[in-house]
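# Per-entry structural report
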Amino acid sequence: MSPEKMVIMANQIATFFKTQPGDDQLDRFAAHINDFWEPRMRRQLLDHIAAGGAGLETLVIEASGRISEPVE
C-alpha cells in the first residue's frame, strides 16, 4: 500500500483509541494493529516509524514497541 494510505489508516485508528476512556490506549492501539493488520502492513508501518515516522500521530510512534514484529 502507498505510504500515504498507511499513515492515514494508522492515524485514523490512533485517533479512535485516543478518544476512548482509560489509560491503555497504547496497548489497545497495538493490539488492534497486531490483530487486524497483516504482516506486510505491520512491517511497512514499523519500517516507516524506524525511518522517522513522518506524518504519524504520536500515539502510533509511542505504541511501536508493542507492535509484533512480523515473522519473515
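Residues numbered from 1 in each chain as written. Predicted model: local features only at pLDDT ≥ 70, side-chain atom pairs only at ≥ 80, totals over all residues. Heavy atoms only, no water.

### Details of the overall build of the chain
Check the secondary structure of the chain and you find four helices and zero strands. The N-to-C order of helical and strand elements in the chain reads α-α-α-α. Since a compact globule built from 72 residues should have a radius of gyration of about 11 Å, the 11 Å found for the chain is in line with a globular shape. Along the first, second and third principal axes, the C-alpha atoms of the chain reach 35 × 25 × 20 Å. Among the 72 residues that make up the chain, the fraction classed as buried is 38%. (Helix = DSSP H or I, 4+ residues; strand = E, 2+ residues; numbered from the N terminus. Rg over C-alpha atoms; globule rule 2.2 N^0.38 Å. Buried < 20%, exposed > 50% of the residue type's maximum accessible area, 1.4 Å probe, protein only.)

### Digging into the environment of S2
As for its position among the elements, S2 is in the segment before α1 (3-18). For S2 and Q44, which are 42 residues apart along the polypeptide, the C-alpha to C-alpha distance reads 9.6 Å. One polar contact links the side chain of S2 to the main-chain amide nitrogen of K5, over a distance of 3.1 Å. (Polar contact = N/O pair within 3.5 Å; in protein donor to acceptor, adjacent residues only side chain to side chain.)

### Let's talk about the side chain of H48
If you trace the backbone, H48 turns up in helix α3 (residues 39-50). Overall, H48 belongs to the buried group, its relative accessible area being 19%. Dropping the residues within four chain positions of it, H48 is found in contact with M6, V7, G53, A54 and L56. (Contact = heavy atoms within 4.5 Å.)

### Considering α1
The end-to-end C-alpha separation of α1 is 22 Å, in line with the 22 Å expected for 16 residues at 1.5 Å each. Where α1 is concerned, the buried positions are M6, V7, A10, N11, I13, A14 and F17. With its buried residues spanning 160° around the axis, α1 presents them on a single face. The exposed residues of α1 that point more than 90 degrees off its buried face are E4 and Q12. (Expected span 1.5 Å × (residues − 1). Arc of directions from axis to C-beta.)

### So, the nonpolar core
In summary, soluble globular proteins display a tendency toward joint burial of nonpolar side chains. Core analysis: the biggest nonpolar cluster contains 20 residues, and F29, I33, W37, L45, L56, V60 and I67 have the highest contact counts within it. Mapped onto this core, the elements with two or more residues apiece are α1, α2 (25-36), α3 and α4 (58-62). When residues of this core are assigned to their parent elements, the largest contribution, six residues, is made by α1. With residues near it in sequence (within four places) discarded, F29 still touches A10, I13, A14, F17, L59, V60, A63 and I67. (Core = buried A, V, L, I, M, F, W, Y, C linked by side-chain atoms within 4.5 Å.)

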